[in-house]
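These are the residues of each chain, in order.
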Amino acid sequence: MPAVTVDDILLLPRISEPDPAVAQDRPVLAVTTAPSGYEGEGFPVRRAFAGVDLRALDPFIHMDQMGEVNYAPGEPKGTAWHPHRGFETVTYMIDGTFRHQDSNGGGGLITNGDTQWMTAGGGILHIEEPPEDLVMTGGLFHGFQLWVNLPARLKMTGPRYQDIRAGQVALLSSPDGGALVRVIAGEVAGHRGPGVTHTPITLLHATLEPGAQLRLPWRADFNALGYVLAGSGTVGPGRQPVRTGQLAAFGPGDVITVTANRRADGPSQGLDILVLGGEPIGEPVAAYGPFVMNTRDELVQAFQDYQAGRLGSIPAEPHPGHDVL
């Protein structure tokens with residue numbers, strides 16, 4: 001699981017240890033296990049938020065862990081062209097390569113620690129697929145896609161695409177150097193990630209060495225979730241056990257505690273965890289398929305607009321041997 005690594009973690013800025021006299025550890029409200037399924041043309045996913053009340057997720061809607069799978073030649077799969085409206089998609093690649101293209105002109109390759117942040121807003125069409133060379137050779141594929149809701153006043157905002165390279169993320173370490181923290185969006189201990197968000201959120205990927213503990217300062221007005229990408233450990237002051245494919249939902253407080261087990265119980269030697277949270281929007285959610293709106297009437301309108309071609313058009317593909325005007 002390479003994502004972004006460093007040669008000497010001790011040279012990174014340190015996350016200060018929260019003051020135990022005033023810091024309030026967030027308790028663990030629930031731990032759920034993500035069921036497995038398939039997405040798009042048939043690539044395997046874990047449904048990270050399955051069975052979790054939307055009120056505990058707000059402002060998030062949906063998250064899939066894509067893979068981890070080692071494809072044979074000819075096996076890599078993606079999605080067909082499809083629409084979105086009313087939210088933002090965040091795709092983070094840990095291993096492998098994915099190609100994005102959308103009807104607003106955004107797109108490119110993301111690989112090993114890169115993130116693409118697409119604001120669907122009022123409507124967009126896009127496609128996500130492995131590049132041709134990866135289809136030919138096969139290889140490791142692992143990442144996740146997160147859906148971030150937009151408030152009613154921004155549902156119809158203009159589409160936007162952000163290409164966040166692995167080298168742009170803010171890199172931090174725990175006080176003892178036992179944990180590497182990659183801040184993709186939002187702020188941790190005064191250090192900001194590169195992602196620009198309409199809805200205030202924080203998103204990070206932490207890697208803990210066996211036995212290491214990470215105590216993250218966390219905004220008290222944000223919710224807090226932790227999803228284990230690999231390995232095992234404990235979360236919260238009660239040391240609730242968690243392992244690969246499990247999501248922990250935290251209660252109120254301003255510190256998140258994560259600890260890696262001292263002994264590995266799988267291929268991962270430590271613990272890799274996504275920690276995310278945001279300012280709850282607190283509005284009704286009407287979601288169906290690729291659209292996330294506030295009312296059923298708005299969903300019906302989204303489908304009608306898509307069918308009428310008002311969410312964009314699929315760009316023409318140039319053909320070798322022909323002039324492109």
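Coordinates for the structure precede this section.
### A closer look at helix H3 (residues 296-307)
Then comes step 1: Taking 1.5 Å as the rise per residue, H3 with 12 residues should run 16 Å; its terminal C-alpha atoms sit 17 Å apart, in good agreement.
Then comes step 2: Within H3 the residues assigned to the buried category are Leu-299, Ala-302 and Asp-305. Seen from one end, H3 has its buried residues packed into an arc of 125 degrees, which puts them on one side. Facing away from the buried side of H3, by more than 90 degrees, are the exposed residues Arg-296, Asp-297 and Gln-307.
Then comes step 3: Where H3 is buried, its residues contact strand E24 (286-288) and strand E25 (291-293).
Then comes step 4: Looking one or two residues past H3, Gly-309 carries a phi angle of roughly 80 degrees, positive in sign.

### Quick word on the pattern of salt bridges
Then comes step 1: Inspection of the entire model under this criterion finds 13 salt bridges.
Then comes step 2: Salt-bridge contacts for Arg-47 lead to Asp-64; the nearest nitrogen and oxygen are separated by 2.5 Å. In this pair, Arg-47 sits in strand E3 (residues 43-47) while Asp-64 sits in strand E4 (residues 60-71), placing the two residues 17 residues apart along the sequence.
Then comes step 3: Residue Arg-47 is classed as partly exposed on the basis of its relative accessible area, which comes to 22%.
Then comes step 4: Two residues, Asp-305 and Arg-310, come together in a salt bridge whose shortest N-O distance is 2.8 Å.
Then comes step 5: For Asp-305, a relative accessible area of 8% puts it in the buried group.
Then comes step 6: Arg-310 sits in the exposed class, given a relative accessible area of 54%.
Then comes step 7: Each member of the salt-bridge network shares a partner with another, and the members are Glu-17, Asp-25 and Arg-215.

### Things to note about the packing of aromatic side chains
To describe a pair of aromatic rings, you give the distance between the ring centres and the angle between the ring planes.
Then comes step 1: Inspection of the entire model under this criterion finds 8 aromatic pairs.
Then comes step 2: Ring plane angle 55 degrees and centroid distance 5.1 Å describe the contact between Phe-98 and Phe-141, whose orientation is recorded as tilted. Here the residue Phe-98 occupies a position in strand E7 (residues 97-102), and Phe-141 occupies one in strand E11 (residues 139-149), the gap between them amounting to 43 residues. There is no split in this pair, since Phe-98 and Phe-141 are both buried.
Then comes step 3: Look at Phe-291 and Phe-303: their rings are 4.8 Å apart centre to centre, the planes differ by 90 degrees, and that puts the pair in the edge-to-face class. In this pair, Phe-291 sits in strand E25 while Phe-303 sits in helix H3, placing the two residues 12 residues apart along the sequence.
Then comes step 4: One aromatic cluster in this structure is built from Phe-43, Tyr-71, Phe-98 and Phe-141.

### Considering the pairing of E11
Every regular strand shows the same layout, with side chains that alternate between the two sheet faces.
Then comes step 1: Of all 11 residues in E11, 10 are buried; the element is thus mostly enclosed.
Then comes step 2: Here 10 bridges tie E4 to E11, and the two strands are oriented antiparallel to one another. The partner of Gly-67 across the bridge, within E11, is His-142.
Then comes step 3: As defined by bridge partners, strand E6 (residues 87-95) adjoins E11 across 8 bridges and the pair is classed as antiparallel. Looking across to E11, one finds that Met-93 is bridged to Gly-143.

Parameters at a glance
- Residues numbered from 1 in each chain as written.
- Predicted model: local features only at pLDDT ≥ 70, side-chain atom pairs only at ≥ 80, totals over all residues.
- Heavy atoms only, no water.
- Helix = DSSP H or I, 4+ residues; strand = E, 2+ residues; numbered from the N terminus.
- Expected span 1.5 Å × (residues − 1).
- Buried < 20%, exposed > 50% of the residue type's maximum accessible area, 1.4 Å probe, protein only.
- Arc of directions from axis to C-beta.
- Contact = heavy atoms within 4.5 Å.
- Salt bridge = Lys/Arg side-chain N within 4 Å of Asp/Glu carboxyl O.
- Phe/Tyr/Trp six-rings, centres within 6.5 Å; stacked < 30°, edge-to-face > 60°.
- Pairing = 2+ DSSP bridges.

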